[in-house]
Every structure is written in structure tokens, then in C-alpha cells.
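Inside the fold
For reference, the chains in residue letters:
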Amino acid sequence: RSELGVYFMADRIVRLILSSATPIFSITFPRAVELHNKKASSAFNYSARWAIGGALTGFMILISGIIIWPFIEALIMKFLTGINLEDLRSTLLVLGVLLPLLLCWRFFINWMLSTKELDMAYRISVFSGALVGLIGVHNMGGAPTSENLAWIALRAEISVIIVATTAILIIKIIKINSKQN
């Protein structure tokens, strides 16, 4: 199906950009662990600063992509045939929102994984994202479009963030309450 091909092409472009930040995530993780071992709030503040930088970088990449899209589209038309450029454009735009979102979120994942107490929050959130993705595809019906698949991916990632944040809050509340008792 050509819709799947368009979705996977757009997804691979976005994932390529995201994976280019992996060395930064890898470098910052040990520091988050070290800071957490000294003082938990220091690890959070460190990760939050990096997360703000990640979000801003992702936003700049997204805006740059929107600005240069007409030139990219001209190259695609010149060298590739049979691609529905309108579908590719709309799919890339939806998936492009993942850039600031995930370039920010990955630093918070580093913070979450810097402590064993939040490991379960991370695991639950990943499961929720998979579940949202499966339900989204199931409810889509027989004719998925590349843009619909992109929206499902975006919803799944947002559910991961919401569930992880909620789980972190619950864990912190339980910890506070257990200290008071």
C-alpha cells in the first residue's frame, strides 16, 4: 500500500533526525545519574535544562523543514515519481511535531531512568504508548492514510508522556505520604 510507504518514509526522516541526537542523550545520562546520587533535584534541574534546549532545537528544525519544504518537494519531483507529495507533506508535518516533543522528552527519560524509583513509571508509560498505537490502528478501519498513521504515532507518544508524568506524580505522592506515616 502506498499509504504505508509514505508514512514509513516520513517516519524514517523524523527518526533519522531524532537519532542524530542519541550521542547527546548518551553523554547526558551518566551525568544525570551522578547528580541524582548526590541530590535528586539537581538531576531534575540538569535534565530540565537539556530538555528545554532539546525542545527549542526540535522546534527550530521543524520550522526550518517547513520553510525549505518547497525546495525539497522540487527535488523529490525531479528524482522520484509516483509519490503523493500532498500526503508526504501532511504526514511529515504531523510527525514533525515529534521533533520538539521527543527531543525534550528524551532528557526527562534520562532523569526518570537515573533513579530506580521511577523505572516503573517509565515501563508503564511505554506500555501505554503501545496500547494507544494498537487501539488507534484497530479503530482506523480498513483504509489507513499516511496522515492518520502519523496522528496515531503522535497520540501514542503524547500518551507516553502523560502516563509517565502521572505515574511520577503518584510515586512522589506515595513517597511523601509514607515518610509522613
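We now turn to the structure provided with this report. (Residues numbered from 1 in each chain as written. Predicted model: local features only at pLDDT ≥ 70, side-chain atom pairs only at ≥ 80, totals over all residues. Heavy atoms only, no water.)

1. Details of the environment of C104
Inspection of the secondary structure assignment puts C104 in helix 5 (residues 98-113). Along the sequence, C104 and A51 sit 53 residues apart, while their C-alpha atoms lie 4.1 Å from each other. Excluding residues that lie within four positions of it along the chain, C104 makes contacts with A51, G54 and A55. (Helix = DSSP H or I, 4+ residues; strand = E, 2+ residues; numbered from the N terminus. Contact = heavy atoms within 4.5 Å.)

2. Considerations on the packing of aromatic side chains
Aromatic ring pairs are reported here in terms of the distance separating the ring centres and the angle at which the planes meet. Counted under the stated rule, the structure contains six aromatic pairs. For the pair F44 and W111, a centre-to-centre distance of 5.0 Å together with 75° between the ring planes defines the contact as edge-to-face. Of the two residues, F44 is situated in helix 3 (residues 40-79) and W111 in helix 5; the sequence distance between them amounts to 67 residues. The exposure class assigned to F44 is partly exposed, which follows from its relative accessible area of 34%. Judged by relative accessible area, W111 falls into the buried class, the value being 9%. The interplanar angle of 25° and the centroid separation of 5.5 Å between the aromatic rings of W50 and F107 together place this pair among those described as stacked. Note that W50 is positioned in helix 3 and F107 in helix 5, a separation of 57 residues in sequence. (Phe/Tyr/Trp six-rings, centres within 6.5 Å; stacked < 30°, edge-to-face > 60°. Buried < 20%, exposed > 50% of the residue type's maximum accessible area, 1.4 Å probe, protein only.)

Without other data, these values stay purely geometric and don't point to any function.
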